[in-house]
Amino acid sequence: MSAFKIKDGAYAVGVVDWNERDFHGSVYRTRKGVTYNSYLLKDEKTVLIDLVRTGFEKEFLDNISSIVEPSKIDIVIINHIEPDHSGAFPTIVKLCPNAKFYGTQKAKEGLFKYYGVMPQNWESVKSGSKINAGKRTIDFIDVPMLHWPDSMFSYSAYDKILFSNDGFGQHYASNKIFDDEVDLAILFEEAKKYYANILFPFGSILSAKLGAILKMNLEIEMIAPSHGLIWRKYVPEILEKYASWAGQVCQNKIAIIYETMWQSTEKMARKILEGITSQGIEAEIFDIAKNDRTDIAAYLLDAKGIIVGSSTHDNEMLPVIAAFMQFFKGLKAKGRKGLVFGSYGWAGGAVKEIEGIIQNAGGVELAPSISVQFAPNAEELDNCFKVGQAFAKSL
Ligand code: FEO
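Residues numbered from 1 in each chain as written. Predicted model: local features only at pLDDT ≥ 70, side-chain atom pairs only at ≥ 80, totals over all residues. Heavy atoms only, no water.

### Describing the packing of aromatic side chains
This structure, assessed with the given rule, holds 19 aromatic pairs. Relative to Phe 101, the ring of Phe 89 lies with its centre 5.8 Å away and its plane at 85°, an arrangement referred to as edge-to-face. Taken as a pair, Phe 89 in helix α3 (residues 89–95) and Phe 101 in strand β10 (residues 100–103) lie far apart in primary sequence, 12 residues in all. When sorted by exposure, Phe 89 lands in the same class as Phe 101, which is buried. The interplanar angle of 75° and the centroid separation of 6.1 Å between the aromatic rings of Phe 188 and Tyr 234 together place this pair among those described as edge-to-face. Separated by 46 residues along the polypeptide, Phe 188 in helix α5 (residues 184–199) and Tyr 234 in the loop between β16 (222–225) and α7 (235–246) bring together distant segments of the chain. Through a chain of ring-to-ring contacts, the aromatic side chains of Phe 153, Phe 168, Tyr 195, Tyr 242 and Trp 245 assemble into a single cluster. Directly above the aromatic system of Phe 178 lies the positively charged group of Arg 232, at a separation of 3.8 Å from the ring centroid. (Phe/Tyr/Trp six-rings, centres within 6.5 Å; stacked < 30°, edge-to-face > 60°. Helix = DSSP H or I, 4+ residues; strand = E, 2+ residues; numbered from the N terminus. Buried < 20%, exposed > 50% of the residue type's maximum accessible area, 1.4 Å probe, protein only. Lys NZ or Arg CZ within 6 Å of the ring centre and 35° of its normal.)

### A short note on the domain arrangement of the protein
In terms of domain boundaries, the protein breaks down into domain 1 (4–246) and domain 2 (254–394). For domain 1 and domain 2, the distance between their C-alpha centroids amounts to 38 Å. In this assembly, 14 residues from domain 1 lie in contact with 15 residues from domain 2. Summing both sides of the interface, domain 1 and domain 2 together bury roughly 1,300 Å²; the carbon and sulfur share of this comes to 59%. Its largest share of buried area at the contact with domain 2, domain 1 owes to Lys 192, Phe 200 and Pro 201, together 42% of the area lost on that side. (Domains from an automatic or database assignment. Contact = heavy atoms within 4.5 Å. Buried area = accessible area lost by both parts, 1.4 Å probe.)

### Quick word on the pattern of salt bridges
This structure, assessed with the given rule, holds 21 salt bridges. Residue Arg 31 pairs with Asp 292 through a salt bridge whose shortest N-O separation is 3.3 Å. Of the two residues, Arg 31 is situated in the loop between β5 (28–29) and β6 (34–36) and Asp 292 in the loop between β18 (282–287) and α9 (293–301); the sequence distance between them amounts to 261 residues. Its salt-bridge partner being Asp 295, residue Lys 193 comes within 3.3 Å of it at the nearest N-O pair. Remark: Asp 295 occurs in helix α9 and Lys 193 occurs in helix α5; sequence separation between them is 102 residues. Overall, Lys 193 belongs to the buried group, its relative accessible area being 7%. On the basis of relative accessible area, Asp 295 is assigned to the partly exposed category, the value being 23%. Connected through shared salt-bridge partners, Arg 31, Glu 190, Lys 193, Asp 292 and Asp 295 make up one network. (Salt bridge = Lys/Arg side-chain N within 4 Å of Asp/Glu carboxyl O.)

### Quick notes on the packing of α9 against helix α10 (residues 319–331)
Between α9 and α10, the shortest axis-to-axis distance is 12 Å and the interhelical angle comes to 45°. When the axes of α9 and α10 are compared, the pair comes out oblique. As α9 packs across α10, the resulting crossing turns out to be right-handed. Listed contacts from α10 to Arg 293, Ile 296, Ala 297 and Leu 300 of α9 are Ala 323, Phe 324, Phe 327 and Phe 328. Looking at side-chain class alone, the contact of α9 with α10 contains 7 nonpolar, no polar and 1 charged residues. (Axes fitted to C-alpha atoms, helices over the stretch in contact; angles between N-to-C directions. Parallel < 35°, antiparallel > 145°, perpendicular 65-115°, else oblique. Left-handed = near helix turned anticlockwise from the far one by under 90°. Nonpolar A, V, L, I, M, F, W, Y, C, P; charged D, E, K, R; others polar.)

### A look at the nonpolar core
Leu 48, Phe 60, Ile 92, Trp 231, Tyr 242, Ile 257 and Phe 324 are the most contacted members of the largest nonpolar core, which totals 90 residues. The greatest single-element share of this core, amounting to 8 residues, is contributed by α5. Three or more residues apiece are contributed to this core by two domains, here domain 1 (4–246) and domain 2 (254–394). Setting aside chain neighbours within four positions, we find Trp 231 in contact with Phe 168, Gln 170, Asp 179, Leu 187, Phe 188, Ala 191, Glu 221, Met 222, Ile 223, Pro 225 and Ile 238. Core analysis: the next-biggest nonpolar cluster, separate from the first, contains 23 residues, Ile 49, Phe 140, Ile 161 and Met 222 among them. (Core = buried A, V, L, I, M, F, W, Y, C linked by side-chain atoms within 4.5 Å.)

### Side note on the packing of helix α6 (residues 203–215) against α7
Between two packed helices, what matters for the description is the angle formed by their axes and the separation of those axes. Contact geometry for α6 and α7: axes closest at 8 Å, N-to-C directions at 140°. Relative to α7, α6 is oriented oblique. The way α6 lies across α7 gives a crossing that is left-handed. Here α6 contributes Gly 203, Ser 204, Leu 206, Ser 207 and Leu 210 to the contact with α7, which in turn contributes Leu 239, Tyr 242, Ala 243 and Ala 246.

### Here's the deal with the side chain of Thr 30
Within the secondary structure, Thr 30 sits in the loop between β5 and β6. The class for Thr 30 is buried, based on a relative accessible area of 1%. Side-chain polar atoms of Thr 30 contact the backbone oxygen of Glu 20, separated by 2.8 Å. Ignoring sequence-local partners within four residues, the contact set of Thr 30 consists of Glu 20, Arg 21, Asp 22, Phe 23 and His 171. (Polar contact = N/O pair within 3.5 Å; in protein donor to acceptor, adjacent residues only side chain to side chain.)

See the structure below:
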């Protein structure tokens with residue numbers, strides 16, 4: 001990608017990482033790739049907003065150079081220090097010796113710890129701080145824990161653009177720039193997946209911050225995140241979705257997630273699903289050994305019910321569902337209903353273990369669990385059906 005004009009004097013100068021598939025280590029499976037967006041505002045002063053990941057510096061500098069010589073950049077804004085946005089920091093510090101850098105105090109401390117360098121001219125900012133670049137004034141809005149302590153948004157009233165960094169992002173590599181240029185259903189699904197895998201645990205903080213930002217009555221024509229497409233046509237829609245996701249507003253739907261050894265637990269899962277289906281409630285089954293937890297997190301984001309199952313192995317749950325439960329604990333889901341099930345040979349263990357994790361995590365009201373020895377017989381399968389029915393009715 002090269003630089004792209006998004007408004008008069010405002011350019012997208014970031015890069016596309018078409019083949020990135022494992023983001024955050026192995027936490028987030030990015031099947032549609034990733035972009036590291038950066039923006040350049042050309043005014044009396046030239047402003048660079050956010051950087052790119054290590055390894056993409058040359059393409060990034062080429063994009064900037066097509067608009068302005070990098071050494072002429074006057075202002076660099078660091079909205080967030082996670083390495084996908086700050087990897088080029090040492091390069092930019094070196095190539096822009098006259099620039100003044102802005103970010104939160106936490107950003108300053110974190111950047112030095114990451115890279116061991118600091119620009120000569122750094123100013124720590126917070127909500128209420130603003131800088132002038134000519135026709136443009138840039139306002140800063142700190143958004144701590146959305147999703148790191150250093151995170152902030154920047155807003156240009158002149159452009160009516162909110163530069164939201166990770167907020168409102170999507171892991172969606174594209175040669176398009178705006179929301180109305182791609183398939184909207186896919187875009188919203190990727191935005192949901194992104195929210196579920198990056199911001200899910202921070203819903204209450206986000207609700208409060210979104211409320212505060214809306215009260216500022218900012219004119220927002222575009223939300224320009226640092227990942228994925230820029231929102232220009234669907235700004236109200238994505239704001240509404242964020243309010244709903246942050247509020248953990250759930251639909252009457254159920255995720256059944258399990259791992260199985262000899263298909264006994266799987267048979268139980270399918271009978272529970274039949275029971276749910278008989279009540280007309282939406283549900284999906286995920287064999288955790290065959291599905292990405294990235295997708296499951298997105299389904300869980302607005303699912304009222306979560307049903308988890310595992311065979312018992314060495315008195316424990318199976319290892320892939322164990323990894324999922326570790327991940328689930330961190331999501332801090334609230335206001336859900338849950339059920340645990342599983343099969344065992346001579347001694348159980350998996351069901352109790354899963355129950356314990358869900359109870360410790362909080363936020364999920366558990367129905368009585370069900371277990372069967374070896375393989376479910378006709379009577380036990382009938383019970384699974386009835387349990388599924390009752391769970392669907394309880395939502
Ligand atoms: Fe896209 Fe928190 O980094």
